[in-house]
Every structure is written in structure tokens, then in C-alpha cells.
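Summary of the model geometry
Below, each chain spelled out in residue letters.
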Amino acid sequence: MPGSVSRVVATVLGTRVDTAFALMGNGNAWLIDALPTAGIAVVPVRHEAATVAAADAYGRASRRLAVATTTYGPGFTNALTPLAEAALARTPLLLVAGGPPTSGLRDFDVDQMGMARACGAQVFAATAADAATVTRQALDAVADGPVVLLLPDDQAELPTVSSEEPAPAPEDHPGPDVREAARLLAQAESPLVLAGRGADDSLTALARRLGADVATTAPATGFFRGVDGVRDLGICGGFASPGGAAAIAAADVVLVAGAGLNDFTMAHGAAFGRHARVIQVDRREGPTHPRVDLFLRGDAGVVCRALLSALAGVDRDPTPEPVVGHPAGDPLAPDGRLDPRSLFTRLDALLPPDRIVVTDGGHFLAWPCTYLSVPGPEHLILVGTAFRSIGLGFPSAVGVAAAAAGRTTVLVTGDGGGLMGLADAESLLRVVRDTDGRCVIVVVNDAAYGAEIHQYATRGVDPAAMLIPEVDFAALLGSLGARSQVVRTLDDLESLRDHRDGTLVLDCRVSRDVVAPFLHRAANDSATRSRR
């Protein structure tokens, strides 16, 4: 495979990748130049954080691998927050970045290998002697989470000196012993099956056989949509409805497949009943939460098919009783601003049904997760929740819009995170325009950092630093070419009915007096810890 290191890397990438999100600098200019020749579409973005966040969201929305690429030094350090997010979320993702020369760090270099590993990513470096082999190794490694492939600055333009053969594919590992899990599930009186992003259709068949209640993590929302023979409780944890949370807490055996059991899913440890037995199926080396009683290591599909075989004689009816949903809210809150519950109830009715929802992080996150329905998995994209970051909404929406394939991209962002990620509002509008797509941007504008207001101002911290002058996002994004409107009443949402193409911005002036239930729990937990 003759050519420069950059061209060889691009050629190997082209065998498995169709899209790269890029910001050019000295360390990756030759690579970006080579990508189109390798059949990889390059989507330019405006901040290095967006390269990784967009690639992460693209992968979650399409289940295809995307590449992010930045230069070395500050270009690389700018991408660390979304890289840590991808590592915690275990997103298959490859960041190809310029790197320090093989001779050692220059006076403006940093230890990029150490930083990447500190974020939880594996690291490889391509040189003239091994560019093809190392690139293939990096691509193989992304199955376990994000990988950084460095192009040392003294190697990127060098000709390669060998033509390496692909490494042999790793051997499959045998499935775990599932007999104890099958025994617990067979004896359960109120079993619950919880699906994460790693689950597949075998989990649905298993839930039917058990007559189990079913629930999902937030990113797997819609997994059980339209499935007969089960009672769907919705999202488990902090975003659960009152009735769903009660039914989840009543389960005596919980089977968790392909989910990491973070604080959102576990409602800070309160999601499952005290005496519930929890079985977790995951490819990781061990359980991811102290509540797990039995851990089965392996691919969720392989393990669930083994459980189906072990439970061949079981055939139960589902629980028939419906569950209580989320409160609808009032048209306006007492302060005269929009009640976010009624706002998102109306948005759910007006937004196109083919929606794919992507959110930023923050207090407002509860409203799209609990009130906006989606057609199925890969239609609710939450980049930032694993690392608890904000500001990745606009960058993530770039990746979703690139993967939308005829679906409507719906970005929901707060005003704080929206301002933080504003550089890539231009990227989003451009990608929507270039793909003849359709996008709706919903800004939940409460003129504050809501999470901090509800956790700390209520406990005596001066709120001055938590407040944001009310920004006119309609005017701001309208200047970039979007249709836009300030929304002060539910009737102002009627403009959605006429939205056919391009980007529509809804700057929704929302009350900060309506507090999301998950934040009540988080605030109470923080207060309890501070008293200890």
C-alpha cells in the first residue's frame, strides 16, 4: 500500500468509514486532504469539540463508525471533554489527531497520549513503518469504546516503507453460564427487563416469554415501542413517570441488558426496590453498579438467546394494569412564562413523527426525555449525560443531521449550553441546508443555569453567577439563516405546522420555577451528603 502515512491512514479508514468530522490544522491537513480520495465525506466544523461530539452523535444515530480529526496541541485538548463523554458512554469512535513528533515533545506540545488515556481512550500512533497495520488495529479496538490514533508531526508526510497484511480477526469468546440467571427469572413474581443501547431483539422475545414489565434507559427510548405481550413502563430512573417508577420499584428480579446503570438510570440508587435481585449483562469485565447481584459477561444478544433456551418451558402473561404518566402541566407557570411540561406536551403533538431528538445537558433535559416520544432506538441522542457536560448540543446535532436520512432533526438545548456551543450553530444550519434536511431547534430559555439554581440557590448560594441575561436566540440564529420565532405562549408554536424544510428556531421563554423530578432527587442527595 504505497503512499504517505496520511494517505495510507485515509485509505484504510475508507474501508470502514464513510464520514469524518474535521477541523483542519497543521497536524491533520494532509490527512483531511486524503480523506475524500478514500471515499470519506468530510464535514467541517467550527470548534474541535464538535469533531468528537458530532462523530459520537453520528455513530449513535446511524450505528455506523465516524471519524473525528483535529490538529495537535490546543486542537487536541479542545476535544477532550467529548472524548471523555464518548469513553464513559462507550461509543465506538475514532479520533485521528496530529501528535508530537517521534523525537519528543516540543516546547508547545503536551502529553497527548497521557491525556487520551486519562479520558479513558485507547491510543495508537501511526508511523511510516506501520501505518496500515496500526490503523487497522485502531479500527478493531473501537468496539470497546473511543480510540485515538495519533499522526506524529514528523511522520504525516513520510512515504510508508512496508505493506502490512491485516491482523487476524479476534476469536469469539464463549458465552457465560446463564443457569443461575435463568433460575432467578423463572422464579420471579414481578420480573423487569431493562434495555440499554447494547440490547437487541432477543431481549424482546425474552421479555415476552417471562411476561415481564419492560423499561429502557433514556438513550434506548422506544426499544419496546409497538411490542405486544409486555407492559412498557418507559424510561427507568430519574426520567420515569410516577406510575412507571412505582412499577419498576416493585420488581423482584431485574434483568439489565446492554446498559451501564449510571445515576440517571438508577435515580441515584433509588430506582429498584430494596430487595430486588439485579442481573446485569454486559461486555465489560465486571458489574457497573453496587446493586448488581449477578453479572453475566458477554454480548447482550448472545446471553439473551442463551437465556431464552434455558427458559424454554416458561410462558407467562403480562401485567395488564396501565401506569400513570407524566403530569401535563399548565399553559403558563405562575410567573407568566411557559410551563415546560405543557410546552413539551404540545411540541410532542406538533413535531413531525419521523423525528430524531438530540439534546444538550442541563436541568431542561428532563422535558424532552419525558414528554417527546420517538419512533424507536437511536432516535433520542444524549451526548453529554455520561460526563455531565453541557455545551455539546449544537455540535452533537451536526452529527445527527448528517445521519438523519430523511428524518427531522430536533435539537433541544438550554440557553447556557446553547451559548457554550454556539460556534457550531453555523455548522448545523449548513449541514441541514447541504443535505436538504429539516431541523427544529428548541431553546429552553430560562435565563439561567437551571441545574445550579435548583441545587444551590435554594440552599443559600448567591445566584448571581447562575443567571444569564435573556439572550434572543431567535435573532441570533436568524442572522445565520434560520427561520426563527420567540415562543411565549403555546399558540406561538403553530408556526411548526408550516415548517417543511430548512431550520426553524423556537426560542421558548420558560419558567425556572418548574423543577424536574430528577433534580429534586439530586438536590436532596447533595443536601444529605453535605450534612454528613
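Before reading on, note that the structure itself is shown above.
The structure reproduced in this document is the subject of the present report.

Secondary structure assignment for the protein yields 20 helices and 18 strands. Here the protein has a C-alpha radius of gyration of 24 Å; the compact-globule value for 532 residues is 24 Å, and the two agree. Summarising its shape, the C-alpha atoms of the protein cover approximately 70 × 60 × 50 Å along the three principal directions. Of all 532 residues assigned to the protein, the portion counted as buried reaches 57%. For the protein, the exposed area adds up to about 21300 Å²; of that, 52% sits on carbon and sulfur atoms. Seen as two clouds, the 45 positive and the 60 negative side-chain charges of the protein have centres 4 Å apart.

A few words now on unusual backbone geometry. In this model, L261 sits at a positive phi of 60°, which is unusual for a non-glycine residue. Examined against the element boundaries, L261 turns out to sit in the loop between β10 (253-257) and α11 (263-266).

Before going further, it helps to examine the environment of P100. Relative to the helices and strands, P100 resides in the loop between β4 (94-99) and α6 (112-118). Separated by 53 residues in sequence, P100 and D153 place their C-alpha atoms 5.6 Å apart.

By the secondary structure assignment, Q155 is in the loop between β6 (147-152) and α8 (179-187). According to the relative accessible area criterion, Q155 is buried, its value standing at 11%.

This brings us to the sheet that holds strand β7 (residues 191-195). With parallel pairing, the six strands of this open sheet are ordered in space as β9-β8-β7-β10-β11-β12. Every other strand in the sheet has two partners, leaving β9 (231-235) and β12 (294-297) as the edge strands with one partner each. The sheet shows a mean angle of 20° between the axes of neighbouring strands, direction not considered. Where β7 and strand β8 (residues 213-216) come together, four bridges link them in parallel fashion. The partner of L192 across the bridge, within β8, is D213. Sheet strands touched by helix α10 (residues 242-250): β7, β8 and β9. Its angle to β9, the strand with the most contacts, is close to 110°. Along the sheet face, helix α12 (residues 300-310) touches β10, β11 (277-282) and β12 and points at about 140° away from the line of β10.

Here we take up helix α7 (residues 131-141). The buried count for α7 comes to nine of 11 residues, which makes it a mostly enclosed element. Of all the residues in α7, the buried ones are A131, A132, T133, V134, T135, R136, A138, L139 and A141. Those residues of α7 hidden inside the fold are in contact with α1 (5-13), β4, β5 (122-125) and β6.

On to the nonpolar core, then. Nonpolar side chains tend toward joint burial in soluble globular proteins. Judged by nonpolar contacts, the single largest core of 53 residues is most densely connected at F21, L95, V148, I381, V398, L428 and I441. Per-element tally for this core: the top contributor is helix α3 (residues 48-62), with eight residues. What V148 contacts, discounting residues up to four positions off in sequence, is F76, L83, L95, A116, A121, Q122, V123 and F124. In this structure, F364, Y371, L490 and L519 belong to the second largest nonpolar core, which totals 40 residues.

What follows is about the packing of aromatic side chains. As enumerated under the stated definition, the model contains seven aromatic pairs in all. Here the aromatic rings of F239 and F264 are separated by 5.7 Å at their centres, their planes lie at 35°, and the arrangement is tilted. Of this pair, F239 sits in the loop between β9 and α10 while F264 sits in helix α11, and the two are 25 residues apart along the sequence. A relative accessible area of 18% places F264 in the buried class. With centroids separated by 6.4 Å and ring planes inclined at 45°, the aromatic side chains of W367 and Y371 adopt a geometry described as tilted. A residue pair is termed a helical-turn pair when its members lie 3 or 4 positions apart in one helix, as W367 and Y371 do in helix α14 (residues 366-371) at four residues. The pair W367 / Y371 is uniform in exposure class, with both members buried. What links up through ring pairs into an aromatic cluster is the set F239, F264 and F518.

Reading the values: the criteria
Residues numbered from 1 in each chain as written. Predicted model: local features only at pLDDT ≥ 70, side-chain atom pairs only at ≥ 80, totals over all residues. Heavy atoms only, no water. Helix = DSSP H or I, 4+ residues; strand = E, 2+ residues; numbered from the N terminus. Rg over C-alpha atoms; globule rule 2.2 N^0.38 Å. Buried < 20%, exposed > 50% of the residue type's maximum accessible area, 1.4 Å probe, protein only. Areas by Shrake-Rupley, 256 points an atom, 1.4 Å probe, with all protein chains shown as cover. Lys, Arg positive; Asp, Glu negative; His and termini not counted. Charge placed at Lys NZ, Arg CZ, Asp CG, Glu CD. Pairing = 2+ DSSP bridges. Axes fitted to C-alpha atoms, helices over the stretch in contact; angles between N-to-C directions. Contact = heavy atoms within 4.5 Å. Core = buried A, V, L, I, M, F, W, Y, C linked by side-chain atoms within 4.5 Å. Phe/Tyr/Trp six-rings, centres within 6.5 Å; stacked < 30°, edge-to-face > 60°.

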